Amino acid sequence: MSFDVEAVRRQFPVLAQRPYGKRLAFLDSGATSQKPQSVIDAVTRFYDRDNSNVHRGVYDLAERATAAFEGARKKIARFIGAEPREVIFTRGTTEGVNLVAQSWGRASVGPGDEILVTGMEHHSNIVPWQLLAAEKGAKLVVVPVDDRGEVHLADFERLIGPRTRIVAVTQVSNVLGTVNPIREITRLAHARGVPVLVDGAQAVPHEKVDVRDLDADFYVFSGHKMFGPTGIGVLYGKAKILEAMPPWQGGGDMILSVSFEGTKFNTIPYKFEAGTPDAAGAVGLGAAVDWLEGLDREGARAHERDLLDHATRRLQELPGLRIIGTAPGKAPVISFVMEGVHPHDVGTILDHEGVAVRAGHHCAQPLMERFGVPATVRASMALYNTREDVDQLVQGLHRVREMFP
Ligand code: PLP
C-alpha cells in the first residue's frame, strides 16, 4: 500500500468544485476537514436503513441502530488504544473539556488550587477552566510559549506545584502547528500526582494516537476535524477516573433506575451520555476511522511533511511575510502575517483566487497577544492537499502584494 494523493482526492466530492471559476485550494482543514464519500455514505445509509433510537427499542431496527452505534465506539476505542467503556461520545472537543471541567473539576478543584494550561491553548481549553476557577476560587497558571512557538519541559517542572490539580495541554497547536511533548509532560505531571487532559483536536487528523502510550488521563477530540461528521466527538478517560467522577448532565440513558427519592446512575460510558446521542454522527465517525485505517498513514505523514516544507520554502519568497510558529517537527499548519495588509483582506483576496484560508484570531487570543498581532492568516493542510494548492496560495499572495505594494 502506498499513499496516492490523487486517488485520495477523488474520494472528496467537495474538492472538485470551482469557486469563481477557479480550482479550489482548500487550506482550512484545521477549522474542519472535508469528508470522504465513504463517510457521507455511512451517515446516509444509517438514516436510509438503520435509523431508530439507540439502547431503547427491542425491535430489529432498534437493535441494528444500537449495534451500529456501539460498533462505532469499539472502532474508535481501538483506533486510540482505549477500551470501549473509556470512550464517551460528545459533541466535540469543546464539550469534552467542559465535561471534565464540570464533572471531575467541580469535585476535585478547590479554593487556592491551580489549573495549569499553556499559552497556546484554544479558547475551548481555557474558558471551561476559567469558569471552574471562578466558581471555586482557583486560578489558571500559564506555561509560556517561546518565540518559535514552543513550550519547555523545565517550565512545566517549575510550574507544576503542590496546588496544581490538573494540566490541560494541547497536543498540536491549531495556530502554530507546534507538536507538544505529551509523553514527557504526562510523566512530569504524574510524578507529582497530577492528571493531564490532552486536547487532541489537531493531532488525530495527522498522526497515530495511542492514549495509553501517551498516558493521558483524559484525551478529547472532534470528529469533524478528522474527516468525520460535525456534531460528534470523543472524550477518552481512564476507566478508574471516569468511574469515580460524578455525572455531568442528567437525563435518559445515564441512569440505571430513577425514583423521586433518588437515582442510581448507569455505568461508564453511559453515565456521561445523557439523552439521545448523535448516533448517525457516531456511525460516520466510525466510517472515518475505517477510512483512515485503510490509508498508508506513514505515507500520508510523509506527504504532509513535504507539503509543509514546500509551503514554508515558497512563502519565504514573499517580501514582508512573517511566519508565526517555527518549531521543528510541526504539523502542516502555517500562520503568517503580511506587512501592511490586514489578515482579513488577505483572506478575501485569496478567496477570489479560489484559495480558502482562515483569517482571524483562531480562537486563541492570548496567543495572538503573545506574538503581538491581532490576527493571522492560517493555511492548514490535510492529507488531500497538494503542492498545487500551495502554489495557488503563493500565487494569490503575490496578487495581494500587487494590491498592497
Ligand atoms: N482545540 C483545538 C486545538 C482546536 O483547533 C479546536 C477547533 O478549532 C478546538 C479545540 C475546538 O473544537 P470543536 O469546535 O470541534 O469543539
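Residues numbered from 1 in each chain as written. Predicted model: local features only at pLDDT ≥ 70, side-chain atom pairs only at ≥ 80, totals over all residues. Heavy atoms only, no water.

Turning to the sheet that holds strand β3 (residues 114-118), a few remarks are in order. Spatially, seven strands are ordered β2-β8-β7-β6-β5-β3-β4 in an open sheet, and the strand pairing comes out mixed. In the strand order of this sheet, the two ends are held by β2 (87-90) and β4 (139-143), each with one partner. Between one strand and the next, the sheet's axes are offset by a mean angle of 20 degrees, whatever the strand orientation. (Pairing = 2+ DSSP bridges. Helix = DSSP H or I, 4+ residues; strand = E, 2+ residues; numbered from the N terminus. Axes fitted to C-alpha atoms, helices over the stretch in contact; angles between N-to-C directions.)

Let us look at the domain arrangement of the protein chain. As far as domains go, the protein chain holds domain 1 (41-293) and domain 2 (296-403). Spacing between the C-alpha centres of domain 1 and domain 2 amounts to 29 Å. Domain 1 puts 29 residues into the contact, and the matching count from domain 2 is 29 residues. Taking both sides of the interface into account, the surface hidden between domain 1 and domain 2 amounts to around 2300 Å²; carbon and sulfur atoms contribute 57%. Linking domain 1 with domain 2 are one salt bridge, by the criterion used here. We note a salt bridge from Arg370 to Asp147, for which the minimum N-O separation is 2.6 Å. Our enumeration of links across domain 1 and domain 2 arrives at 15 residue pairs in polar contact (both at pLDDT 80 or more). By residue class, the composition of the side of domain 1 that touches domain 2 is 13 nonpolar, nine polar and seven charged. (Domains from an automatic or database assignment. Contact = heavy atoms within 4.5 Å. Buried area = accessible area lost by both parts, 1.4 Å probe. Salt bridge = Lys/Arg side-chain N within 4 Å of Asp/Glu carboxyl O. Polar contact = N/O pair within 3.5 Å; in protein donor to acceptor, adjacent residues only side chain to side chain. Nonpolar A, V, L, I, M, F, W, Y, C, P; charged D, E, K, R; others polar.)

For the rest of this paragraph, the subject is the site of the ligand. Lining the immediate surroundings of the ligand are Thr93, Thr94, His122, Ser124, Thr170, Asn174, Asp199, Ala201, Gln202, Ser222, His224 and Lys225. In the environment of the ligand, an oxygen atom lies 3.4 Å from a nitrogen or oxygen atom belonging to the backbone of Thr93. Take Lys225: an N or O atom from its side chain is 2.6 Å from an oxygen atom of the ligand. When the ligand is considered free in solution it has 390 Å² of accessible area, and contact with the protein chains removes 86% of it. When its residues are assigned to classes, the shell around the ligand shows one nonpolar, nine polar and two charged. (Near = heavy atom within 4 Å. Areas by Shrake-Rupley, 256 points an atom, 1.4 Å probe, with all protein chains shown as cover.)

What follows is about the packing of aromatic side chains. Centre distance and the angle of the planes are the two values used to describe a pair of aromatic rings. Enumeration over the complete set of coordinates arrives at nine aromatic pairs. Seen in terms of ring centroids, Phe46 and Tyr47 are 5.8 Å apart; in terms of plane orientation they differ by 75 degrees. Their pairing is edge-to-face. Put simply, the rings of Phe12, Phe227, Trp291 and Tyr384 pair up and form one aromatic cluster. (Phe/Tyr/Trp six-rings, centres within 6.5 Å; stacked < 30°, edge-to-face > 60°.)

Here we take up the pairing of strand β6 (residues 196-199). Burial of the side chains of β6 extends over both faces: Val196 and Val198 are buried on one face and Leu197 and Asp199 on the other. Viewed along the sheet, the connection from strand β5 (residues 164-170) through helix α7 (residues 182-191) into β6 turns out right-handed. (Buried < 20%, exposed > 50% of the residue type's maximum accessible area, 1.4 Å probe, protein only. Right-handed = clockwise from strand over helix to strand, strands pointing away.)

Note that an α-helix has 3.6 residues per turn; residues three or four places apart therefore point the same way. With 17 residues, helix α14 (residues 387-403) should cover 24 Å at 1.5 Å per step; its first-to-last C-alpha distance of 25 Å lies within 8% of that length. Listed in full, the buried residues belonging to α14 are Asp389, Val390, Gln392, Leu393, Val394, Gly396, Leu397, Val400 and Arg401. (Expected span 1.5 Å × (residues − 1).)

Turning our attention to the sheet that holds strand β11 (residues 321-324). Across the sheet, which stays open at both edges, the four strands sit in the order β11-β12-β15-β14 with antiparallel pairing between neighbours. A strand with exactly one partner marks an edge of an open sheet, and here the two such strands are β11 and β14 (358-360). Within this sheet the neighbouring strands show an average axis-to-axis angle of 30 degrees, counted without direction. Direction of pairing for strand β12 (residues 333-338) relative to strand β15 (residues 376-380): antiparallel, over a ladder of four bridges. Paired with Ser335 across the strands is Arg378, a residue of β15. Against the sheet, helix α11 (residues 297-315) makes contact with β11 and β12, and its axis sits at roughly 10 degrees relative to β12, the strand it touches most. Together, β11, β12 and β15 form the strand contacts of α14, whose direction differs from that of β12 by roughly 10 degrees.

Enumeration over the complete set of coordinates arrives at three cavities of 30 Å³ or more. Ser29, Gly30, Ser33, Gln202, Pro205, His206, Lys225, Phe227, Ser380, Met381 and Ala382 are the residues that line the largest cavity. Grouping the amino acids of the lining of the largest cavity by side-chain chemistry returns four nonpolar, six polar and one charged. In terms of domain composition, the lining of the largest cavity takes at least three residues from each of domain 1 (41-293) and domain 2 (296-403). (1 Å grid on protein atoms, 1.4 Å probe; cavity = no way out; pocket = protein on both sides within 12 Å on 5 of 7 lines; lining within 4 Å. Points joined across faces, edges and corners; volume = space filled by probe spheres on them.)

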